[in-house]
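# Descriptive analysis of the structure
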Amino acid sequence: MWTYHPTLLATPVPRYTSYPTAADFGPLEPGTIERAVASAEGDISLYLHIPFCEAICFYCGCNTAVSGKRARVAAYLAALHQEIATVGSLLPQGTKVRRIAFGGGSPNAILTGEFLGLVDALHAHLPLAAPEWSIELDPRSLTAEWSGVLASAGITRASMGVQTFAAHCQKAIGREQSLTMICRSTDWLRKGGVTSLNFDLMYGLPHQSEADLEDSLEMTRKLGADRIAVFGYAHVPHLVPRQTMIREADLPGAAARFTMAGEAHRILTAGGYRAIGFDHFALPHDSMALAARAGRLRRNFQGFTDDPSEVLIGMGASAISGFPGLHAQNEKHTATYRQLSEVGRLSASHGIARSAEDQRRGALIEALLCQGEAVVPDDLLAQVAGRLAAFTDEGLAQLRGNHLAIPPHGLPYARVIAALFDAYRAATPRTFSSAI
Ligand code: SF4
């Protein structure tokens, strides 16, 4: 049972898919990303961003646009093909691509032939070493044809955006998809060879009750999702203008959101799922659950992951690449991205060089969020002691010597506790989402 301490959740904090976070990125010297790709070593992972969707959901903060203008999609994909070739020409001998993820947007908003063209380009230009393939999918644009396409591409992991099964909530967020559509999509994905299927769900949606959330969780469980992500809707219309379509007055309050998050945790863990970090759940056989149990869970730009690679190369507009010493984000505007890519240049001009101190603090934050514990160096402990006491006094964190642990009932406070070790937060004021 989680206890609500509103004052401890009052400060919005980052989700820490990286440290330093994207909010702390600044201009990079020309040639930085090329040098980083050219010095990559060992196993690497790839992420390809497809910034198109069948329709845009009111709540979405992603860099995406409607896929209706075919010429625009084709021009973008031509630039992506060029970027694949450029990255392939820079990667040193001996590197091996072990994972490839397609995200967006909705990768299935493009034509199946266009998708297979990208898969062929990856095979042609990059050192693939029997990689594991994954994809994010929108059930509204999924067809039976995609089942065969996923099978021929060898995709075994898929994540489907569902958010809620409640029709009145779907209407309020501009994402209407029937139960039949979700069931049919699940069937197609399983037939296409997907062995690890994730459903994205949300709490804190307009007009959403606890019973609505409970129904969605139960339906997801019955459909056999191997993984479930349960995200809190972050209402920040000043940052995401399309969210003005959602009325603040229709949203559950902070206390109701806290209860919903706690209920999701209780229902899913009682239903056989293992809690992964602060917002994911996985069945015990799933590789994410196995990684969590073995202490191998990581956090990267895609969220919680069992990917052990230190190098993730993002391709496509706004995609972020991560190297031990650098984070770099591709040009966000698709027109500029296309212009740069078409002349064989990589477009990442913003990011941050990760100092040894960044890497030390980043490892600590990642350990707290993924393993729920970390050994804190003396100097960092001295810096946070006063603020950490607010959490240890309530039993939400436990400190024994230098060993800091977040017990299960401290989980909703994990991001706030991790943020104590973020050296940038005081320096870079910015609005993040609430911690729960
Ligand atoms: S389908 Fe996904 S990426 Fe596209 S608008 Fe909706 S939430 Fe955003």
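Throughout, residues of each chain are indexed from 1 in the direction in which the sequence is written. Whole-chain, interface and lining totals are the exception, using all residues; otherwise, since this is a predicted model, local features are given only for residues with pLDDT of at least 70 and side-chain atom pairs are given and counted only at 80 or more. Where side-chain values are given, they derive from all heavy atoms of the structure, hydrogens and water being excluded.

## Remarks on the overall build of the protein
For the protein, the count of helices and strands is 13 helices and 20 strands. Taken over the C-alpha trace, the protein has a radius of gyration of 21 Å; the compact-globule value for 436 residues is 22 Å, and the two agree within 12%. The C-alpha extent of the protein, read off along each of the three principal axes, is 55 × 50 × 40 Å. Nonlocal contacts in the protein, meaning residues at least 24 apart in sequence, comprise 72% of its contacts between residues at least 6 apart. Secondary structure counts use DSSP, requiring at least four H or I residues in a row for a helix and at least two E residues in a row for a strand, with both numbered from the N terminus. All radius of gyration figures rest on C-alpha atoms, and the globule criterion is 2.2 Å times the number of residues raised to 0.38. It only takes one pair of heavy atoms within 4.5 Å for two residues to be counted as in contact.

## With respect to the site of the ligand
Throughout, the term near means that a residue has one or more heavy atoms lying within 4 Å of the molecule or strand in question. As a matter of local geometry, the ligand sits amid Cys-53, Ala-55, Ile-56, Cys-57, Tyr-59, Cys-60, Gly-105, Ser-106, Asp-138, Arg-140 and Arg-175. Gly is put with the polar residues, along with every residue not named as nonpolar or charged; the nonpolar set is Ala, Val, Leu, Ile, Met, Phe, Trp, Tyr, Cys and Pro, and the charged set is Asp, Glu, Lys and Arg. Looking at the shell around the ligand residue by residue, the classes come out as 6 nonpolar, 2 polar and 3 charged.

## Some thoughts on the packing of helix H11 (residues 356-370) against helix H12 (residues 378-392)
It is at 12 Å that the axes of H11 and H12 come closest, and there the two elements cross at 70°. By the angle class used here, H11 and H12 are roughly perpendicular. Viewed along their axes, H11 and H12 form a crossing whose handedness is right-handed. Listed contacts from H12 to Glu-357, Arg-360, Arg-361 and Leu-364 of H11 are Asp-379, Leu-380 and Gln-383. Here the contact of H11 with H12 is built from residues that sort into 2 nonpolar, 1 polar and 4 charged. Only the stretch in contact is used when a helix axis is fitted, and all axes are lines through C-alpha atoms; the angle between N-to-C directions ranges over 0 to 180 degrees. Angles are sorted into four bins: roughly parallel if under 35 degrees, roughly antiparallel if over 145, roughly perpendicular if 65 to 115, and oblique for all others. By convention, the crossing between two helices is left-handed when the near helix turns anticlockwise from the far helix through less than a right angle, and right-handed when the turn is clockwise.

## Some words on the packing of aromatic side chains
Two aromatic rings from Phe, Tyr or Trp, using only the six-membered ring of Trp, form a pair when their centres are within 6.5 Å; if the ring planes differ by under 30 degrees the pair is stacked, by over 60 it is edge-to-face, and anything between is tilted. A full pass over the atoms with the stated rule returns 10 aromatic pairs. Judged by centre distance (4.9 Å) and plane angle (40°), the rings of Tyr-4 and Phe-258 are tilted. Taken together, the positions of Tyr-4 in the segment before strand S1 (26-27) and Phe-258 in helix H8 (residues 254-270) put the pair 254 residues apart, joining distant regions of the chain. Ring centres of Phe-102 and Phe-115 lie 4.7 Å apart, and the angle between their planes is 55°; on these two criteria the pair is classed as tilted. In this pair, Phe-102 sits in strand S5 (residues 96-104) while Phe-115 sits in helix H3 (residues 112-125), placing the two residues 13 residues apart along the sequence.

## Quick notes on the packing of H3 against helix H4 (residues 144-153)
At a closest axis distance of 11 Å, the pairing of H3 and H4 adopts a crossing angle of 5°. In terms of orientation, H3 lies roughly parallel with respect to H4. Residue-level contacts link Thr-112, Phe-115, Leu-116 and Val-119 of H3 to Glu-145, Trp-146, Val-149, Ser-152 and Ala-153 of H4.

## Looking at the domain arrangement of the protein
All domain edges in this entry derive from an automatic or database-based domain assignment. Assigned domains of the protein: these are domain 1 (1-8 + 355-436) and domain 2 (21-334). Centre-to-centre, using C-alpha coordinates, domain 1 lies 26 Å away from domain 2. On the side of domain 2, 24 residues touch domain 1, which itself brings 21 residues to the contact. Buried area counts how much accessible surface, traced with a 1.4 Å probe, disappears from two parts once they are put together, with both parts' losses summed. Buried surface at the junction of domain 1 and domain 2, summed over both partners, amounts to about 2000 Å²; 66% is from carbon and sulfur atoms. We define a salt bridge as a contact between a side-chain nitrogen of Lys or Arg and a carboxyl oxygen of Asp or Glu at a distance within 4 Å. Two residues, Glu-366 and Arg-298, come together in a salt bridge whose shortest N-O distance is 3.0 Å. Polar contacts, as counted here, are pairs of nitrogen or oxygen atoms within 3.5 Å of one another; within protein the pair requires one atom able to donate a hydrogen and one able to accept it, and residues that are adjacent in sequence qualify only if both atoms are side-chain atoms. Counting across the interface, domain 1 meets domain 2 through 6 residue pairs in polar contact (both at pLDDT 80 or more). Looking at which element gives the most residues to the side of domain 1 that touches domain 2, the answer is H11, with 4 residues. Here the side of domain 1 that touches domain 2 is composed, by residue class, of 10 nonpolar, 7 polar and 4 charged.

## Some remarks on the environment of Ile-267
Examined against the element boundaries, Ile-267 turns out to sit in helix H8. Separated by 255 residues in the primary sequence, Ile-267 and Pro-12 have C-alpha atoms spaced 26 Å apart. When neighbours within four sequence positions are excluded, Ile-267 is seen to be in contact with Glu-214 and Leu-217.

## Some points on the pairing of strand S16 (residues 326-329)
A simple rule labels every residue: compare its accessible area, found with a 1.4 Å probe on the protein chains alone, to the largest value its type can have, and call it buried under 20%, exposed over 50%, or partly exposed in between. Going residue by residue along S16, you find Leu-326 and Ala-328 tucked away on one face and His-327 and Gln-329 tucked away on the opposite face as well. Strand pairing is assigned whenever DSSP detects at least two bridges linking the two strands. Turn length for the strand S15 (residues 320-323)-S16 hairpin, with the two strands adjacent in sequence and antiparallel, is 2 residues.

## A few points about the side chain of Asn-108
Relative to the helices and strands, Asn-108 resides in the loop between S5 and H3. Relative accessible area serves as the criterion here: at 3%, Asn-108 is assigned to the buried category. Within the local environment of Asn-108, its side chain forms a polar contact with the backbone oxygen of Asp-138, the two atoms lying 2.8 Å apart. The residues touching Asn-108, leaving out its near neighbours within four places in the chain, are Glu-136, Leu-137, Asp-138, Ser-141, Leu-142 and Trp-146.

## Side note on the sheet that holds strand S19 (residues 398-400)
Here we have 3 strands laid out as an open sheet, ordered S18-S20-S19, and antiparallel in their pairing. Two strands bound the open sheet, and with one partner strand each, they are strand S18 (373-375) and S19. Between one strand and the next, the sheet's axes are offset by a mean angle of 15°, whatever the strand orientation. The pairing of S19 with strand S20 (residues 403-405) spans 3 bridges and is classified as antiparallel. Residue Gln-398 lies in a different strand from S20, and its bridge partner there is Ala-405. The strands touched by H11 are S18 and S20; relative to S18, the strand with the most contacts, the crossing angle is about 150°.

## Describing unusual backbone geometry
Only a minority of non-glycine residues have a phi that is not negative, and only a minority of peptide bonds are not trans. Cis geometry is found at the peptide bond from Tyr-19 to Pro-20, where omega equals -5°. Secondary-structure assignment places Pro-20 in the segment before S1. Along the chain, Gly-104 connects to Gly-105 via a cis peptide bond; the corresponding omega equals 20°. Along the chain, Gly-105 falls in the loop between S5 and H3. Positive phi values are uncommon outside glycine, yet His-207 reaches one of about 65°. Its place among the elements puts His-207 in the loop between strand S8 (196-203) and helix H7 (210-222).

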